Amino acid sequence: MQFLHELGIEKLQSGNSTGSVFIPGKGRELISSSPVDGTVIGSVTEADESTYETIIAQAQSAFLQWRNWPAPRRGEIVRQIGDALRAHKDQLGRLVSYEMGKSLQEGWGEVQEMIDICDFAVGLSRQLYGLTMHSERPTHRMYEQWHPLGIVGIISAFNFPVAVWSWNSALAWVCGNVTIWKPSEKTPLCSVAVQKIVATVFEKNGVPEGVNCLVQGGREVGERISHDTRIPLVSATGSTRMGKELAAAVGARLGKTILELGGNNAVIISQHADLSMALIGCVFGAVGTAGQRCTSTRRLIIHESVYEQFKNKLISAYQQIKIGDPLDAANHVGPLIDRQAVEQYLSAIEQCKASGGKFIVEGKVLEGTGYESGCYVQPCVAEVTPDMPIVQHETFAPILYIMKYRELEEAIAIQNAVPQGLSSAIITLHLREAETFLGVNGSDCGIANVNIGTSGAEIGGAFGGEKETGGGRESGSDSWKAYMRRQTNTINWGSQLPLAQGIQFSLGDE
Ligand code: UN1
């Protein structure tokens with residue numbers, strides 16, 4: 001595993017860092033074993049309370065300096081990080097693939113997403129625009145400006161072990177914040193590799209120690225972050241259950257959150273669809289990352305007139321899917337993250353069958369040579385009705401539910417009738433259908449696509465969703481505003497002091 005060596009990943013390391021300095025943790029050891037072949041890749045130590053405190057103190061002092069660096073200069077640092085990521089794209093993509101289990105193409109794609117957000121953030125560093133307003137008073141000027149918040153806490157999930165962190169950190173930094181990252185305890189080594197890449201750039205440029213902090217740990221460390229009043233903004237990706245607890249804790253101290261939680265994403269396949277195009281989008285959406293994206297396609301709502309035809313296409317497509325070592329480019333699908341995920345996959349299949357779901361591609365755990373880790377499963381497809389409880393639920397596995405509709409309004413109602421609201425799509429060549437789906441009576445999701453699938457969003461758009469998805473927006477568009485505080489300024493450059501709203505207030509002869 002040459003890439004581990006090239007990325008500086010050792011068997012046992014402290015995963016806790018203020019930037020370039022790694023602090024030997026005294027906490028529990030977190031072991032990272034690859035779902036690909038079951039090998040223990042390495043381990044990190046969890047941040048105990050004193051390690052955490054040391055890191056926060058460093059972050060606080062770094063903020064006092066970093067916020068004074070001009071934003072375009074901070075952007076220049078992020079530009080160099082993008083270049084460093086370009087140079088390490090191959091190795092880092094391999095580590096993502098090996099530690100998390102997604103296909104190598106997707107591992108590289110994830111690093112590309114990091115590079116893209118760096119490019120975006122560089123431009124943004126010269127565009128943190130505020131508005132100017134006309135004052136109602138003469139010789140007065142009004143405008144608004146944006147200032148950084150301070151420490152931004154980033155809690156990321158195993159399924160995108162590096163990209164989602166970069167959406168947050170690249171923006172947070174150009175905005176003048178410092179960051180503290182708690183990665184998933186299932187993928188700690190990816191975060192260590194990223195930390196080392198960023199450290200080389202920061203050191204070369206004299207960036208204060210503490211701008212880019214890393215803490216390892218599970219739920220306890222997450223809770224520490226959510227209760228910590230020194231962290232004004234917590235951006236968290238993960239389950240709805242986790243998001244609800246975190247939002248309550250951060251909300252109780254009136255902190256800010258950006259939440260990117262569960263999805264239950266559907267594609268409507270109309271009778272006016274180009275079915276070949278639909279097939280690629282739906283199959284990639286359902287089996288990509290072994291169904292472990294927030295944006296994975298979980299439901300297909302198919303017009304009754306093309307239902308049988310599309311069902312047959314799906315069955316033959318699923319027969320062509322190659323499952324195995326994700327580092328082998330010939331394979332489309334790698335393993336699930338761990339055996340617990342395999343249990344959840346099996347349990348969802350059971351529940352689906354118990355409520356009358358009929359599998360047209362059967363699911364099973366794969367056994368034999370190459371599948372020894374016990375984490376490889378067969379992507380499967382079940383015919384269901386939309387009201388079945390399991391169909392309302394996000395199972396992080398490659399299980400695709402298909403169902404029929406007759407009228408577009410009915411399809412949209414089915415699409416919206418789940419608690420989550422992240423991503424959605426319609427495949428149609430019919431303009432009225434497409435616009436209805438995108439309109440006010442259409443999809444209730446944060447992402448609504450036409451003639452592409454539900455996953456694979458570009459970084460230039462704001463990413464996130466409604467309802468139980470949590471309402472947060474990350475990466476493109478004006479998501480940066482969530483990482484800053486807005487200040488409205490009114491300046492009187494005249495010799496009188498008129499009051500707003502025409503209020504008269506005088507003090508005798510003065
Ligand atoms: C996630 O699954 O948490 O849109 C993020 C996509 C990727 C990001 C997914 N760009 O599928």
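Further up the page is the structure itself.
These figures come from a predicted structure and were not determined experimentally.

## What to know about the environment of V267
Relative to the helices and strands, V267 is located in strand β11 (residues 265–269). A relative accessible area of 0% means that V267 is categorised as buried. With residues up to four places along the chain from it excluded, the contact list for V267 reads C282, T297, R299, L300, I301, A425, I427 and T454.

## Description of the sheet that holds strand β4 (residues 132–133)
Pairing is antiparallel in the open sheet, where three strands are placed in the order β4-β5-β22. Sheet topology places β4 and β22 (484–492) at the edges, where each strand pairs with a single neighbour. With nine bridges connecting them, strand β5 (residues 140–148) and β22 associate as antiparallel partners. Along β22, the bridge assignment pairs E144 with T488.

## Re the layout of surface pockets
Think of a ball as big as a water molecule: rolled over the atoms, this probe shows where empty space is left. Approximately 1,200 Å³ is the volume found for the largest pocket. What lines the largest pocket is a set of 45 residues, among which K186, G238, S239, R241 and M242 lie closest to the centre. Listing elements by their share of the lining of the largest pocket, those giving two or more residues are α8 (219–227), α9 (240–252) and α12 (339–354). The residue inventory of the lining of the largest pocket, partitioned by class, reads 14 nonpolar, 21 polar and ten charged. By volume, the second largest pocket amounts to about 550 Å³. Lining the second largest pocket are 29 residues, with I280, V283, F284, V287 and H332 sitting closest to its centre.

## Re the site of the ligand
For the ligand, the full set of nearby residues is E113, N159, F160, W167, E260, R293, C294, T295, S455, G456, A457 and F463. One of the side-chain N or O atoms of E260 is found 3.2 Å from an oxygen atom in the ligand. Between A457 and the ligand, the recorded distance is 2.7 Å, taken from a backbone N or O atom to an oxygen atom. When the free accessible area of the ligand is taken as 320 Å², the share hidden by the protein chains comes to 99%. Broken down by class, the residue content of the shell around the ligand amounts to five nonpolar, four polar and three charged.

## Re the packing of helix α3 (residues 71–87) against helix α5 (residues 104–124)
Contact geometry of α3 with α5 gives a least axis separation of 8 Å together with a crossing angle of 160 degrees. Considering their axes alone, α3 and α5 lie roughly antiparallel with respect to each other. Two packed elements cross with a definite hand, and for α3 against α5 that hand is left-handed. Residue-level contacts link G75, V78, R79, I81, G82, L85 and R86 of α3 to V111, M114, I115, C118, D119, A121 and V122 of α5. Split by residue class, the contact of α3 with α5 holds nine nonpolar, two polar and three charged.

## What to know about the packing of aromatic side chains
Tallying each qualifying case throughout the model produces ten aromatic pairs. Ring centres of W66 and F202 lie 6.4 Å apart, and the angle between their planes is 40 degrees; on these two criteria the pair is classed as tilted. Of this pair, W66 sits in helix α2 (residues 49–66) while F202 sits in helix α7 (residues 188–205), and the two are 136 residues apart along the sequence. Accessibility classification places W66 together with F202 in one group, the buried group. An aromatic cluster is defined as three or more aromatic residues linked by ring pairs; in this entry it consists of W66, W69, W165, W173, W181 and F202. Between the NZ or CZ atom of K102 and the centre of the ring of F160, over which it lies, the distance is 3.5 Å.

## Brief notes about unusual backbone geometry
Most peptide bonds are trans, and most residues other than glycine sit at a negative phi. A positive phi angle, close to 55 degrees, is found at K467, a residue other than glycine. In this structure, K467 sits in strand β20 (residues 466–467). One non-glycine residue, S475, lies in the positive phi region at around 60 degrees. For S475, the location among the structural elements is in strand β21 (residues 474–475).

## So, the pairing of strand β7 (residues 178–182)
The buried fraction of β7 is high, at five of five residues. Side-chain alternation along β7 places V178, I180 and K182 on one buried face and T179 and W181 on a second face that is also buried. Summarising the sheet, strand β6 (residues 151–155) and β7 pair through five bridges and their orientation is parallel. Counterpart to V152 in the pairing with β7 is T179. Summarising the sheet, β7 and strand β8 (residues 212–214) pair through three bridges and their orientation is parallel. Residue pairing for β8: T179 is matched across the bridge by N212. Following the backbone out of β7, through α7 and into the adjacent parallel β8, one traces a crossover that is right-handed.

Calculation criteria
- All residue numbers here refer to positions counted from 1 along the written sequence of the relevant chain.
- Note on the predicted model: pLDDT of at least 70 is required for a residue's local features to be given, and 80 or more for side-chain atom pairs to be given and counted; whole-chain, interface and lining totals, by contrast, use all residues.
- No hydrogens and no water enter the side-chain calculation; it runs on all heavy atoms of the structure.
- Helix and strand assignments follow DSSP, with helices taken as H or I runs no shorter than four residues and strands as E runs no shorter than two, numbered in order from the N terminus.
- Relative accessibility decides the category of a residue: with a 1.4 Å probe and only protein chains considered, values under 20% of the type maximum give buried, values over 50% give exposed, and everything between is partly exposed.
- Any pair of residues with heavy atoms lying within 4.5 Å of one another is described as a contacting pair.
- The criterion for strand pairing is that DSSP finds at least two bridges linking the strands in question.
- Both site types are read off a 1 Å grid over the protein atoms alone. A 1.4 Å probe that fits but cannot get out defines a cavity, while an open set with protein on both sides within 12 Å along at least five of seven lines defines a pocket; lining residues have an atom within 4 Å of a point.
- Grid points are joined across faces, edges and corners, and a volume is the space filled by probe spheres set on the points.
- Throughout this entry, Asp, Glu, Lys and Arg are counted as charged residues, while Ala, Val, Leu, Ile, Met, Phe, Trp, Tyr, Cys and Pro are counted as nonpolar. The remaining residues, Gly among them, count as polar.
- Any residue with a heavy atom positioned within 4 Å of a molecule or strand is treated as near that molecule or strand.
- Identification of polar contacts relies on pairs of N or O atoms within 3.5 Å, with a donor-acceptor requirement for protein atoms, meaning one able to donate a hydrogen and the other able to accept it, and with residues adjacent in sequence counted only if both atoms are side-chain atoms.
- Throughout, the Shrake-Rupley method with a 1.4 Å probe supplies accessible areas, and for residues the shown protein chains are the sole cover considered.
- Axis lines are fitted through C-alpha atoms, for helices just across the contact stretch, and the angle between N-to-C directions can take any value from 0 to 180 degrees.
- Angles below 35 degrees are treated as roughly parallel, those above 145 as roughly antiparallel, those between 65 and 115 as roughly perpendicular, and all remaining angles as oblique.
- Helix crossings fall into two classes, left-handed where the near helix is turned counterclockwise from the far one by less than a right angle and right-handed where it is turned clockwise.
- Under the pairing criterion, centres of Phe, Tyr and Trp rings, with the six-membered ring standing for Trp, must be within 6.5 Å; the plane angle then separates stacked pairs below 30 degrees from edge-to-face pairs above 60, leaving the rest tilted.
- In this analysis the charged atom, NZ for Lys or CZ for Arg, is taken to sit over a ring once it is within 6 Å of the ring centre and within 35 degrees of the ring normal.
- Orienting the strands away from the viewer, one traces the path from the first strand over the helix to the second; a clockwise path indicates a right-handed crossover.

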